[in-house]
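Remarks on the overall topology
One letter stands for each residue in the lines below.
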Amino acid sequence: MGTTADPELPLAGTCILVADDEVMIAINLEETFRDAGADILSAATVPQAIVAARNPRLTAAILDVRLGRETSEAVADILTERGIPFFFYSGQMLSPSMQAKYPGVPVLTKPVRQDAFMATMLALVAKQKALA
């Protein structure tokens, strides 16, 4: 990895968790972030996402609010504890308790355009780098 940022690979040097149980959406997100230079960790279930959230290389995450029958709240808790930036996306609103628990976390509501996913991720990564 070089020390100069490549505008063609704005996510170079990052490792992003994509947690989604809908295969086509997950593949689309993974390709979008990979094309921007990110390494990807994938999870379709809460247990898989918990393991990925603990990965020491992880720098950011995108979480579908529901993974199967469970919410991704346990994953969000781990990310919050570790100081890993993330955002939610869903076809439904966050529950009031999750809104209260994660007040500064961005939430995108499905359907979401690819450029909105990328803009949100780039903003999270830029903010994290500024804090480092």
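The rules behind these values
- Residues numbered from 1 in each chain as written.
- Predicted model: local features only at pLDDT ≥ 70, side-chain atom pairs only at ≥ 80, totals over all residues.
- Heavy atoms only, no water.
- Core = buried A, V, L, I, M, F, W, Y, C linked by side-chain atoms within 4.5 Å.
- Buried < 20%, exposed > 50% of the residue type's maximum accessible area, 1.4 Å probe, protein only.
- Helix = DSSP H or I, 4+ residues; strand = E, 2+ residues; numbered from the N terminus.
- Contact = heavy atoms within 4.5 Å.
- UniProt positions renumbered as here; feature names shortened; annotations may be inferred.
- Salt bridge = Lys/Arg side-chain N within 4 Å of Asp/Glu carboxyl O.
- Pairing = 2+ DSSP bridges.
- Axes fitted to C-alpha atoms, helices over the stretch in contact; angles between N-to-C directions.
- Right-handed = clockwise from strand over helix to strand, strands pointing away.

1. Section: the nonpolar core
Membership of the largest hydrophobic core comes to 26 residues, with the highest contact counts inside it found for Leu-17, Leu-63, Val-75, Leu-79, Phe-86 and Phe-88. Counting residues per element, the ones that place at least two in this core are β1 (15-19), β2 (39-43), α2 (46-53), β3 (60-64), α3 (73-82) and β6 (86-90). When residues in this core are grouped by element, the largest group, five residues, is from α2. Those residues within four positions of Val-75 in sequence are excluded, and the remaining contacts are Leu-17, Val-46, Ala-49, Ile-50, Ala-53 and Leu-63. Counting 18 residues, the second largest nonpolar core, distinct from the first, contains Ile-16, Met-118, Leu-124 and Val-125.

2. Structural notes on the UniProt feature "domain: Response regulatory" (unreviewed entry) in the chain
Cross-referencing UniProt, the feature "domain: Response regulatory" (unreviewed entry) maps to residues 15-125 in the present numbering. Taken end to end, residues 15-125 comprises 44% helix and 24% strand; its first and last C-alpha atoms sit 10 Å apart.

3. Observations concerning the pattern of salt bridges
Tallied over the full model, the rule gives six salt bridges. Among the salt bridges present, the one from Arg-57 reaches Asp-39, with a minimum N-O distance of 3.5 Å. Of this pair, Arg-57 sits in the loop between α2 and β3 while Asp-39 sits in strand β2, placing them 18 residues apart in sequence. Classification of Arg-57 as partly exposed rests on a relative accessible area of 45%.

4. Some thoughts on the side chain of Ser-72
Residue placement: Ser-72 occurs in the loop between β5 (70-71) and α3. Once residues lying within four places of it in the same chain are set aside, the contact partners of Ser-72 are Leu-63, Asp-64, Val-65, Leu-67 and Phe-88.

5. Comments concerning the environment of Met-121
Within the secondary structure layout, Met-121 lies in helix α5 (residues 114-131). For Met-121, a relative accessible area of 0% corresponds to the buried category. Through-space distance from the C-alpha of Met-121 to that of Gln-92 is 20 Å; in sequence the pair is 29 residues apart. Those residues in contact with Met-121 that sit more than four places away from it in its chain are Leu-11, Ile-16, Phe-33, Ala-60, Ala-61, Ile-62 and Phe-87.

6. Here's the deal with the sheet that holds strand β7 (residues 107-109)
Spatially, five strands are ordered β2-β1-β3-β6-β7 in an open sheet, and the strand pairing comes out parallel. The outermost strands of the open sheet, each flanked by one partner alone, are β2 and β7. Averaged over neighbouring strand pairs, the angle between their axes works out to 20 degrees when direction is ignored. In this structure, β1 lies alongside β3, joined through four bridges in parallel fashion. Within β3, the residue paired with Leu-17 across the bridge is Ala-61. Contacts from helix α1 (residues 23-35) reach β1, β2, β3 and β6, with the element oriented near 165 degrees to β1. The strands touched by α2 are β1 and β2; relative to β1, the strand with the most contacts, the crossing angle is about 170 degrees.

7. Some remarks on the pairing of β6
Across the five residues of β6, five count as buried, placing the element largely inside the fold. By the alternation rule, side chains of β6 split into Phe-86, Phe-88 and Ser-90 and Phe-87 and Tyr-89, which are all buried. Relative to β6, β3 is paired through four bridges, and the arrangement is parallel. If you follow Ala-61 over to β6, its bridge partner there is Phe-86. In the classification by handedness, the crossover that spans β6, the intervening helix α4 (residues 96-101) and the parallel β7 is right-handed.

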